[in-house]
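Notes for the structure review
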Amino acid sequence: MDAKSEINRRRTFAIISHPDAGKTTLTEKFLLYGGAVNLAGGVKDRKAERATASDWMELEKQRGISVSSTVLQFEYEGFAVNLLDTPGHKDFSEDTYRVLTAVDAAVMVLDAAKGLETQTLKLFQVCRQRGIPIFTFINKCDRPCKNPLALLDEIEEVLGLQPYPITWPIGEGDQFQGVFQRGDEAIHWFERVTGGRKRATVETGSLADEAFVQKIPAQLRERFQEDLELLECAGTEFDRDAILAGKQTPVYFGSALNNFGVQLLLDGFLKYAPTPSARFAGERLVEPTEKAFSGFIFKIQANMDPRHRDRLAFVRVCSGKFTRDMSVCHTQTGKQLRLSFSHQLFGKDRETQDEAWPGDILGISGQSDFGIGDTLSEDNGIQYNAIPRFPPECFAYLHNTDTSNFKRFRSGIDQLLQEKVIQRFYPVNSVANIPLLGAVGALQFDVVCHRMENEYRAPCRLEMATWTQTRWLPAGVEEAELEGIYMGGNLLARDANDRLVILFENQWGLDYFQRENPDLSLSARPDGSLEAAPAS
């Protein structure tokens, strides 16, 4: 294929949701229907014949939640699919935000019984800020749930999106029979599959086939026909341009656990979703069709392969063609590098990748200088916009409980810090050299302890601290200039880049400090921004 054809067949997207809405389950079913796995794994099923492909970390398997984003790449019906599964819990929102910088679209999963929830709203706002088109899957229709029309109203009123149902449920809860596909006028009648591990047997019929329609119980059939009439009279018109502009969202109904409506969602998404989009590098708009290869690093994962203890940089390809062993410029340092160790990713599994096109996600190992937001390009004039850090809201001291393992302890901390999920701070005038860590959410510390003990064999102990607010001082401010300023229970420290920062116990302490020191400018992020990070 030529470059344009390769670009046009790429689909790069994330699945977002509130915790427990069914995001990871839907991811597994996409892999099942996409032919990437033969048997779908379960998230919380103790008798699962296989684990989920996306939740590969041991802690994820134990707790039944996603704690790290995962890249899953596969071919399906002529499309090259790059699927990114994201953590739903708010404590891992920084990881999710970074993933959303690397995708062209998102599938938003809603629990049919709960509708829009807190974390879903926050992630939607990030998608809106970045202009990411959203496709909606209303999940768990085979359980007690809200009225489908009420769910559409909620999407429109709360999110300001025009919902356009591509499929419509026939019944709900225990009476859920299947879905009707508008446009094709087809009824998809499903049979339950035990555990939902294999593809469901689907019986399809036309709405014009009276014998098939009569299979729907009478009380459901009347309501179903009324709903269709209402949608045709009062509903919006399908508009793909509005979808790509982030003004309209296609809506699909089903049950990921029982494979209801999953393939219709997958096929519809690949049909209507955008191809790889242009990206801003400063004020320059870099088109995917530009000849020079370029991409940016949006995630770093240490120790994915315990046998090698390596670190993998996840690169979103933005323009040109990548070929293994090519020479590129690491824009942040100006160094020319040869990318010899490139990988195609499928959860924790990887295989050598010889070429990649815009929209693809590459795994690059063997480089120690890479950081989040760094640009790799054949054109050293391209430098993609930085990915902002989130200000920590939780702090803890990490104690080494086995001094004989000091080297392993230090190595583990250094590698986990490279992932930029946690941050280290250095208290001013502190005698003890105990790592003070900051994170967006407390669960990140549980992940750190688990990984230190299991991946690096370095037992440790957490001592939680009371600070909850982080503010950076202007660049160039020295400690001597702060003499005489009352700190109270607040802490003056330095970050990893040697910038002065003040940690506050609560909002009241921050407000009091600012009232008492009106001439001292504070920022919520080290880049000098006065506003907090966009999705905390």
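Residues numbered from 1 in each chain as written. Predicted model: local features only at pLDDT ≥ 70, side-chain atom pairs only at ≥ 80, totals over all residues. Heavy atoms only, no water.

Some thoughts on the side chain of T96
If you trace the backbone, T96 turns up in helix α4 (residues 93-100). Given the relative accessible area of 0%, T96 is considered buried. (Helix = DSSP H or I, 4+ residues; strand = E, 2+ residues; numbered from the N terminus. Buried < 20%, exposed > 50% of the residue type's maximum accessible area, 1.4 Å probe, protein only.)

Overview of the sheet that holds strand β29 (residues 491-494)
Spatial ordering of the open sheet is given by β27-β24-β26-β25-β29-β30-β28, a layout of seven strands whose pairing is antiparallel. The sheet is open, and its two borders are formed by β27 (460-464) and β28 (469-472), each paired with just one other strand. When strand polarity is set aside, the average angle formed by the axes of neighbouring strands in this sheet is 40°. The sheet contacts of helix α12 (residues 443-455) involve β24 (394-400), β26 (436-439) and β27, and relative to β27 the element is tilted by about 165°. Packing against the sheet, helix α13 (residues 507-516) makes contact with β28 and β30 (500-504), and its axis sits at approximately 130° to β30. (Pairing = 2+ DSSP bridges. Axes fitted to C-alpha atoms, helices over the stretch in contact; angles between N-to-C directions. Contact = heavy atoms within 4.5 Å.)

Here's the deal with the nonpolar core
Core analysis: the biggest nonpolar cluster contains 112 residues, and F13, L26, F30, V107 and F298 have the highest contact counts within it. Of the residues forming this core, the biggest block, seven residues, is contributed by helix α10 (residues 262-272). Counting 18 residues, the second largest nonpolar core, distinct from the first, contains L416, V448, C449 and A458. (Core = buried A, V, L, I, M, F, W, Y, C linked by side-chain atoms within 4.5 Å.)

What to know about the sheet that holds strand β7 (residues 167-170)
One open sheet holds the four strands; their spatial order is β7-β8-β9-β10, and the pairing between them is antiparallel. Sheet topology places β7 and β10 (202-206) at the edges, where each strand pairs with a single neighbour. Between one strand axis and the next, the sheet turns through 25° on average, direction left out of account. Of the pairings in the sheet, the one linking strand β9 (residues 186-190) to β10 comprises five bridges and is antiparallel in character. Across the sheet, residue H188 finds its bridge partner in β10, namely T204.

Some points on the pattern of salt bridges
The final tally for this structure, using the stated rule, is 25 salt bridges. Salt-bridge contacts for E419 lead to R451; the nearest nitrogen and oxygen are separated by 3.0 Å. Here E419, found in the loop between α11 (406-418) and β25 (423-427), pairs with R451, found in helix α12; they are 32 residues apart in sequence, far enough to count as distant. Both residues of the pair, E419 and R451, belong to the buried class. E478 is paired through a salt bridge with R494; the nearest N and O atoms lie 3.9 Å apart. With E478 in the loop between β28 and β29 and R494 in strand β29, the pair connects residues that are 16 residues apart, well separated along the chain. A relative accessible area of 15% means that R494 is categorised as buried. (Salt bridge = Lys/Arg side-chain N within 4 Å of Asp/Glu carboxyl O.)

Points about helix α8 (residues 218-234)
Taking 1.5 Å per residue, 17 residues should reach 24 Å; α8 reaches 24 Å between its end C-alpha atoms and fits that length. Along α8, the residues classified as buried are L220, R221, F224, D227, L228 and L231. Around the axis of α8, the buried residues are gathered within 130° of arc, so they sit on the same side. Every exposed residue of α8 that faces more than 90 degrees away from the buried side is listed here: E222, E229, C233 and A234. Against the buried residues of α8 lie α6 (148-159), β6 (162-165), β7, β8 (178-181) and α7 (210-213). (Expected span 1.5 Å × (residues − 1). Arc of directions from axis to C-beta.)

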